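Given next are the chains, with one letter for each unit.
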Amino acid sequence: SGPLYGTFFLQASRPADGKTTLSHKELCQCFDVGLTGVVKLGKAVLGDKTTVDARTPALAALHPKNGDSLEDAAARAAAAAR
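These numbers were taken from a predicted model, which means no experiment stands behind them.

Draft legend 1. A look at the side chain of Thr7. Positionally, Thr7 belongs in helix 1 (residues 2–13). Given a relative accessible area of 18%, Thr7 falls into the buried group. Contacts of Thr7, omitting those with residues within four sequence positions, involve Ala12, Gly37, Val38 and Leu41.

Here it is, written out as structure tokens:
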């Protein structure tokens, strides 16, 4: 699992390079890039019973909806991951 976590965080950090703050939308972009890296490395797809099964719906739910707060989106993402 170490290489998968490492890949997620290394890839997720790329869109944030040089920034000191991130908007809600930018944070989602970082996490989307991280998930893409995990999928590419592990070759997992939804239904394989991997972290991709939790991360994919969580990240979809994290995206802003109707100007909601990051806190609301994070709660929605946690519920989706479960």
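Draft legend 2. Summary view of the pattern of salt bridges. In the structure shown here, the tally under the stated rule is two salt bridges. Note that Lys19 and Glu26 form a salt bridge whose closest N and O atoms lie 3.1 Å from each other. Taking the relative accessible area as the measure of exposure, Glu26 reaches 25% and is therefore partly exposed.

Draft legend 3. Up close: the packing of helix 2 (residues 24–42) against helix 3 (residues 52–62). Relative to each other, helix 2 and helix 3 sit at 160°, their axes nearing to 10 Å. Compared by their axis directions, helix 2 and helix 3 come out roughly antiparallel. Remark: the crossing between helix 2 and helix 3 carries left-handed chirality. Packed against helix 2, whose contacting residues are His24, Cys28, Phe31, Asp32, Leu35, Val38 and Val39, the element helix 3 presents Val52, Arg55, Thr56, Leu59 and Leu62 at the interface. Here the residues of the contact of helix 2 with helix 3 are counted per class, giving eight nonpolar, two polar and two charged.

Draft legend 4. Structural view of the packing of aromatic side chains. Applying the stated criterion to the full structure yields two aromatic pairs. Here Phe8 and Phe9 contribute two aromatic rings whose centre-to-centre distance is 5.2 Å and whose plane-to-plane angle is 85°, an arrangement assigned as edge-to-face. Where Phe8 meets Phe31, the ring centres are 5.9 Å apart and the plane angle is 35°; that geometry is what we call tilted. Taken together, the positions of Phe8 in helix 1 and Phe31 in helix 2 put the pair 23 residues apart, joining distant regions of the chain. The class for Phe8 is buried, based on a relative accessible area of 8%. Joined through ring pairs, the aromatic side chains of Phe8, Phe9 and Phe31 make up one cluster. The cationic tip of Arg55 hangs over the ring face of Phe8; the distance from NZ or CZ to the ring centre is 4.6 Å.

Criteria and thresholds
- Starting afresh in each chain, residues are numbered from 1 along the sequence in its written order.
- Local features in a predicted model are, by the rule used here, given only for residues with pLDDT of at least 70; side-chain atom pairs are given and counted only at 80 or more, and totals for whole chains, interfaces and linings are based on all residues.
- Water and hydrogen atoms were dropped before computing side-chain values, which therefore reflect all heavy atoms in the structure.
- Segments assigned H or I by DSSP are reported as helices when at least four residues long, segments assigned E as strands when at least two residues long, and all are numbered from the N terminus.
- Each residue's exposure class comes from its accessible area (1.4 Å probe, protein chains only) as a fraction of the maximum for that residue type: buried when under 20%, exposed when over 50%, partly exposed otherwise.
- The contact definition used throughout considers only heavy atoms, calling two residues in contact when any of these lie within 4.5 Å.
- Definition used for salt bridges: Asp or Glu carboxyl oxygen within 4 Å of a side-chain nitrogen of Lys or Arg.
- Axis definition: a line fit to C-alpha positions, over the contact stretch in the case of helices; interaxial angles, taken between N-to-C directions, run 0 to 180 degrees.
- Working rule for angles: under 35 degrees goes down as roughly parallel, over 145 as roughly antiparallel, 65 to 115 as roughly perpendicular, anything else as oblique.
- Helix crossings are classified by the rotation of the near helix relative to the far one: an anticlockwise turn of less than a right angle makes the crossing left-handed, while a clockwise turn makes it right-handed.
- Basically, the charged four are Asp, Glu, Lys and Arg, the nonpolar ten are Ala, Val, Leu, Ile, Met, Phe, Trp, Tyr, Cys and Pro, and anything else, Gly included, counts as polar.
- Note on ring pairs: Phe, Tyr and Trp rings are taken, using the six-membered ring of Trp, and paired if centres are within 6.5 Å. Classes follow the plane angle, with under 30 degrees stacked, over 60 edge-to-face and the rest tilted.
- The criterion for a charge sitting over a ring is simple: Lys NZ or Arg CZ within 6 Å of the ring centre, and within 35 degrees of the ring normal.

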